[in-house]
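Coordinate analysis (summary)
Okay, here's what each chain looks like letter by letter:
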Amino acid sequence: MEQKLTYDKFKKYFVIVLSIFTGLLHIGQFTFVPMESIKFYSWHLVLGLILVFLYKPASKKNPKKFVWLDWLCIVLTVISGAYVILNYDTYVVIMQTGKLTTGLYVFGLIVTVLVIEATRRCLGWILPIISLITVAYALFGGNLPGILGHRGYSFQRVVTTIFSDQGVLGTAIGVSASNVFLFLLFAAFLSASGADKIFQDISIALTGKKRGGPAKMAVVASCLFGSISGSAVANVVSTGAFTIPLMKRQGYQKRFAGAVEAVASTGGQIMPPIMGAAAFVLADISGTPYGTVCLAALLPALMYYLTLFKMVDLESVKYGLQGVPEEELPNLKESVAKGFKLFIPLAILLFLLLVVQTTPMLAAIYAMIAIIVCGFLDKNDRLTFQNIIDGFVEGGKSLPSVVAACACAGIVTGMFALTGLGLKFSDFIVSMGGSSIILSLLLSMIVCVILGMGLPTTASYIICATAIAPALVKIGVMPLAAHMFLLYFACISAITPPVAVASYAAAGLAEENPMKVGFTAVKLGIAGFVLPFVFTLNTDYLHMSFDVLTLFTWVSAFVVCYAAACAIQGYVEQKITIFERIGYVVVICTAIQSSFIISLVGWALFAALYGGRVMQHKKQMKATAA
């Protein structure tokens with residue numbers, strides 16, 4: 001027993017030291033002690049894999065049973081990473097000349113096995129199986145006939161590609177190292193400063209006493225927390241632990257309570273300013289500044305949440321659900337006052353990203369410094385040294401799944417690049433879709449949703465961007481719109497049955513059948529399925545500026561969101577007729593157009609349908625009161 005406690009204590013302190021070192025190394029890379037990119041990526045991969053083998057032991061039931069295997073993996077990880085870091089010049093020459101050495105071959109093989117095993121531990125078997133299939137294709141695809149065949153590649157060539165800047169040390173792990181981790185660390189520092197509790201209190205105070213208050217609170221809280229966490233499942237677990245029981249207690253069905261939280265949490269990955277890890281990969285692959293990505297993503301994300309918010313409101317109308325008693329609500333002014341120290345870092349982050357247009361890395365670092373300074377200046381809830389350590393540890397704890405996903409996705413993209421499979425897949429989409437953009441988009445959607453089932457958003461997006469984005473650009477879709485389209489469906493797969501990780505997490509908290517929660521989530525998250533087609537076919541929805549076009553687009557967006565909610569729910573202030581629901585569908589089809597005249601017709605029809613019902617309800621209420 002004493003030995004167990006000794007080992008646990010050693011492991012705890014080792015993780016703390018490793019997490020602090022990881023955070024300082026990444027901060028130093030973009031401030032005072034930069035190093036060559038590949039060398040830095042190797043450090044990132046090594047540190048991420050070590051944390052995987054520490055946080056995800058070989059045996060879950062008995063972590064001590066195969067502890068030797070965990071430490072063997074750690075030792076092999078360190079040795080393999082040291083090969084690149086200490087022999088950097090030699091490694092670069094080998095990659096440029098293609099003259100394979102025994103050392104690179106052996107360590108490349110070890111890293112391949114370690115990455116697949118780390119991914120299996122973190123994310124299950126789906127992504128490792130996909131990566132192994134692509135490796136098998138590279139090795140044996142030369143025997144296939146027709147378009148699927150290629151010239152054939154040796155085992156050594158495959159391993160070299162995996163261990164190169166086309167594979168595990170390529171774009172995916174590079175974005176994880178340069179952008180993603182610093183924002184994960186920023187989110188961890190925010191959480192250590194009490195951001196999650198403050199955001200929760202603000203959302204409760206804002207929406208709690210309104211009709212359907214608990215569900216609206218879940219939407220707002222998940223939006224606020226999700227915009228800094230960027231993880232659907234983490235968002236569900238963090239906010240859902242409080243909101244789902246409260247929704248059930250106020251009268252919402254279990255499946256609906258779980259679905260609301262799943263849909264709201266999934267939207268965090270598309271909600272600026274931080275979004276999810278995949279958004280940083282998108283910025284890098286598409287060659288678009290991250291600030292531009294945030295601005296383009298803002299209106300579609302708000303439409304996603306506004307539609308969900310209105311559907312929740314109409315659900316409360318349908319079942320006559322009221323809000324939380326006022327005496328149970330936190331004070332809004334006090335909550336905002338407590339959150340002031342957290343709003344300043346967020347404001348600094350946005351200012352640096354959007355106005356100064358500095359790099360996302362520096363913006364995240366300065367925002368973290370602002371968190372620490374504001375925390376120390378807060379007399380009522382002062383930031384402690386332990387809070388800072390907790391921030392580093394939580395940042396390190398969020399790294400393993402990202403590193404595993406990006407490294408394993410790197411194997412897939414490396415094999416795509418080596419064999420030309422990505423181009424073949426792209427050509428297949430173009431030929432199947434013909435000259436029809438809509439058909440090509442539908443095919444792309446199906447592939448994204450299928451690939452996204454059970455995969456983390458980042459890995460799903462990377463694979464889809466490699467295989468499908470070139471096809472969409474080839475048929476005339478704007479590059480940013482094409483990548484945003486794929487990002488949305490990579491995200492929305494988290495609520496799409498039969499494998500819907502966010503819906504499953506919410507179902508556990510709601511104590512409901514996962515499939516019921518999943519299908520209800522699809523209904524509530526309908527905006528997530530429609531919006532990608534909207535902004536791909538009408539890129540005005542990705543436009544953000546202080547001009548008439550932006551104002552026109554935002555008004556249309558508001559009308560479309562409300563019309564969609566009314567059409568799906570079949571209620572306004574009371575139940576509406578089938579003809580009214582059809583009318584709202586017409587509103588959506590007209591208001592969403594880029595033509596001002598056609599959109600104006602949709603606005604007018606919406607005003608007549610919605611305004612008429614609201615006025616009728618008010619008259620009935622007056623008559624009842626009299």
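Above this text you will find the structure in question.
Residues numbered from 1 in each chain as written. Predicted model: local features only at pLDDT ≥ 70, side-chain atom pairs only at ≥ 80, totals over all residues. Heavy atoms only, no water.

**As for the overall build of the chain**
Within the chain, the regular secondary structure consists of 29 helices and zero strands. Taken against the 2.2 N^0.38 rule, which gives 25 Å for 626 residues, the C-alpha radius of gyration of the chain at 25 Å falls within 12% of a compact globule. A total of 626 residues make up the chain; the buried ones form 56% of that total. A total of about 26,100 Å² of accessible surface is found on the chain, and carbon and sulfur atoms cover 67% of it. Charged side chains in the chain number 42 positive and 28 negative. The centres of these two groups are separated by 5 Å. (Helix = DSSP H or I, 4+ residues; strand = E, 2+ residues; numbered from the N terminus. Rg over C-alpha atoms; globule rule 2.2 N^0.38 Å. Buried < 20%, exposed > 50% of the residue type's maximum accessible area, 1.4 Å probe, protein only. Areas by Shrake-Rupley, 256 points an atom, 1.4 Å probe, with all protein chains shown as cover. Lys, Arg positive; Asp, Glu negative; His and termini not counted. Charge placed at Lys NZ, Arg CZ, Asp CG, Glu CD.)

**Things to note about helix α9 (residues 195-207)**
If you check α9, its first and last C-alpha atoms are 18 Å apart, about what 13 residues at 1.5 Å a residue would give, namely 18 Å. Among the 13 residues of α9, 10 are classified as buried, and the element is accordingly described as predominantly covered. Listed in full, the buried residues belonging to α9 are Ala195, Ile198, Phe199, Gln200, Asp201, Ile202, Ser203, Ile204, Ala205 and Thr207. (Expected span 1.5 Å × (residues − 1).)

**Quick notes on the pattern of salt bridges**
Scanning the entire structure with this criterion turns up nine salt bridges. Taking the shortest distance from any N to any O, the salt bridge between Asp70 and Arg121 comes out at 2.8 Å. One end of the pair, Asp70, is in helix α3 (residues 67-86); the other, Arg121, is in helix α5 (residues 102-123), and 51 residues separate them in sequence. Of the two residues examined, Asp70 and Arg121, each falls in the buried class. Here Asp313 makes a salt bridge to Lys310, at a shortest N to O gap of 3.2 Å. You can see Asp313 and its partner Lys310 sitting in helix α14 (residues 290-319), three residues apart, about one turn around the helix. (Salt bridge = Lys/Arg side-chain N within 4 Å of Asp/Glu carboxyl O.)

**A look at empty space enclosed by the protein**
Counted under the stated rule, the structure contains one cavity of 30 Å³ or more. Quantified by volume, the largest cavity comes out at close to 80 Å³. Around the largest cavity, the lining residues are Ser42, Leu45, Val46, Leu49, Thr77, Ser80, Gly81, Val84, Val111, Leu114, Phe163 and Leu169. Of all elements in the fold, only α2 (37-55), α3 and α5 reach the threshold of two or more residues within the lining of the largest cavity. (1 Å grid on protein atoms, 1.4 Å probe; cavity = no way out; pocket = protein on both sides within 12 Å on 5 of 7 lines; lining within 4 Å. Points joined across faces, edges and corners; volume = space filled by probe spheres on them.)

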